[in-house]
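# Geometric and topological summary
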Amino acid sequence: MSEKKRPAFRRILLKLSGEALMGRTEFGISADVIERLAADIRELVEARVQVAMVVGGGNIFRGVGLAGRGMDRVTGDQMGMLATVINALALQDSIEHAGMTARVMSAIRINQVCEDYIRRRAIRHLEKGRVVIFAAGTGNPFFTTDSAASLRAIEINADLMLKATKVDGIYSADPMTDDSARRYTHLTYDEVIDQRLAVMDTTAIVLCRDNGMPLRVFDINRAGDLMNIVTGADDIGTLVDNNTTRAKA
């Protein structure tokens, strides 16, 4: 491997929203999207980066929305957890078709389709070069898959957590509706919380802050960005950590 492509991180956790899997469709899973993701992940695995993933379920079911219309919140969240399992199985299949080995590990017991989440087993899978996909969030209602991503990243001792979005970082306002919105290159966790920048829920940000887990927010649809981040590029997306001395954009 050339020096240019040498990875800067040994183990990463990639957080994908369910919506990211839809591509240009209005619902469900885009075959084109998961095939492209699998190709990007294969590039990381070939560079000997250990890859874990957490996937949401909003492309299939959003429990919070129905809870707002009268559905029991716990029931809605449990249905959302099952939606993440569906997405994780789709990703596993696409990753294996791309020539890698993948394991889905669920926070709720569903042994006939995937493994139970056991921290030491997950780390062992990663050490063997397998892609590990964490499903069912934390296994508890009222917690988002963002919080699950922060928790799993900390538990497996990831070097970096990556939040994949549809925009190229964190902005001061919604760049889709506000032309004056500016992208931050760096923020501290406290700045994200204090400014109420809606990149992840507060619980997820606090978990990262209290455990020193660096977070980079980037556009999953920009070709090559994932590999460039892992090989040390510092100008992609927005980095969130505890460093108060970095210059802001």
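Our structure is the block above this text.
Residues numbered from 1 in each chain as written. Predicted model: local features only at pLDDT ≥ 70, side-chain atom pairs only at ≥ 80, totals over all residues. Heavy atoms only, no water.

### What to know about the packing of aromatic side chains
A ring pair, where both rings are aromatic, is described by two values, the distance of the centres and the angle of the planes. In plain terms, the rule: Two aromatic rings from Phe, Tyr or Trp, using only the six-membered ring of Trp, form a pair when their centres are within 6.5 Å; if the ring planes differ by under 30 degrees the pair is stacked, by over 60 it is edge-to-face, and anything between is tilted. Numbering of helices and strands runs from the N terminus; a helix is a DSSP stretch of H or I covering at least four residues, while a strand is a stretch of E covering at least two. The rule for a charge over a ring is simple: NZ of Lys or CZ of Arg within 6 Å of the ring centre, and within 35 degrees of the ring normal.
What the rule picks out here adds up to one aromatic pair. A ring pair is formed by Y117 and F134, whose centres lie 5.4 Å apart and whose planes are at 85°; its orientation type is edge-to-face. With Y117 in the loop between β4 (115-116) and α4 (119-127) and F134 in strand β5 (residues 131-135), this residue pair connects regions lying 17 residues apart in the sequence. One cation-aromatic arrangement involves R152 over Y117; the distance from NZ or CZ to the ring centre is 3.8 Å. When the ring centre of F134 is taken as reference, the NZ or CZ atom of R152 above it lies at 5.9 Å.

### Concerning the environment of A20
The residue A20 is located in the loop between β1 (11-16) and α1 (31-46) in this model. C-alpha of A20 to C-alpha of V33: the two residues are 13 residues apart in sequence and 8.1 Å apart in space.

### A closer look at the pattern of salt bridges
Side chains that differ in charge, positive against negative, can pair when their charged atoms come close. We apply this condition: Should a side-chain nitrogen of Lys or Arg be within 4 Å of a carboxyl oxygen of Asp or Glu, the pair is scored as a salt bridge.
Scanning the model with the defined rule gives 14 salt bridges in all. Through salt bridges with shared partners, a single ionic network connects D168, R183, R222 and D225.

### Quick notes on the nonpolar core
For the record, the criterion: To define a nonpolar core, start from buried Ala, Val, Leu, Ile, Met, Phe, Trp, Tyr and Cys residues and group those joined through side-chain atoms within 4.5 Å. Only protein chains enter the area calculation, which uses a 1.4 Å probe; residues under 20% of their type maximum are buried, those over 50% are exposed, and those in between are partly exposed. Contacts were defined at the residue level, with two residues in contact if any of their heavy atoms lie within 4.5 Å.
Core analysis: the largest hydrophobic core is formed by 39 residues, its most contacted members being L16 and M53. Among the elements of the structure, β1, α1, β2 (50-55), α3 (73-97), β3 (102-106), β5, β6 (160-165) and α8 (225-230) are those that each provide at least two residues to this core. With six residues, the top contributor of residues to this core is α1. Every residue in contact with L16, bar those within four places of it in the chain, is listed here: L21, L37, M53, V54, V55, G56, L91, A164 and I220. Residues L13, L126, Y189 and M213 belong to the second largest nonpolar core, which totals 32 residues.

### Quick word on the packing of helix α5 (residues 145-155) against helix α7 (residues 202-211)
Applied cut-off: Between N-to-C directions, angles span 0 to 180 degrees; the directions come from axes that are lines fitted to C-alpha atoms, helices contributing only their stretch in contact. We call two directions roughly parallel when the angle between them is under 35 degrees, roughly antiparallel when it is over 145, roughly perpendicular when it lies between 65 and 115, and oblique otherwise. The handedness criterion is simple: a crossing whose near helix is rotated anticlockwise from the far helix by less than a right angle is left-handed, and one whose near helix is rotated clockwise is right-handed. Following the grouping adopted for this structure description, the nonpolar residues are Ala, Val, Leu, Ile, Met, Phe, Trp, Tyr, Cys and Pro, the charged ones are Asp, Glu, Lys and Arg, and the polar ones are all others, Gly among them.
Running from N to C, α5 and α7 point in directions that differ by 20°, and their axes come no closer than 7 Å. It follows from the interaxial angle that α5 and α7 lie roughly parallel. Remark: the crossing between α5 and α7 carries left-handed chirality. For the pair formed by α5 and α7, the contact residues are D146, S147, S150, L151 and I154 on the first element and T203, A204, L207, C208 and N211 on the second. Of the residues belonging to the contact of α5 with α7, the class tally is five nonpolar, four polar and one charged.

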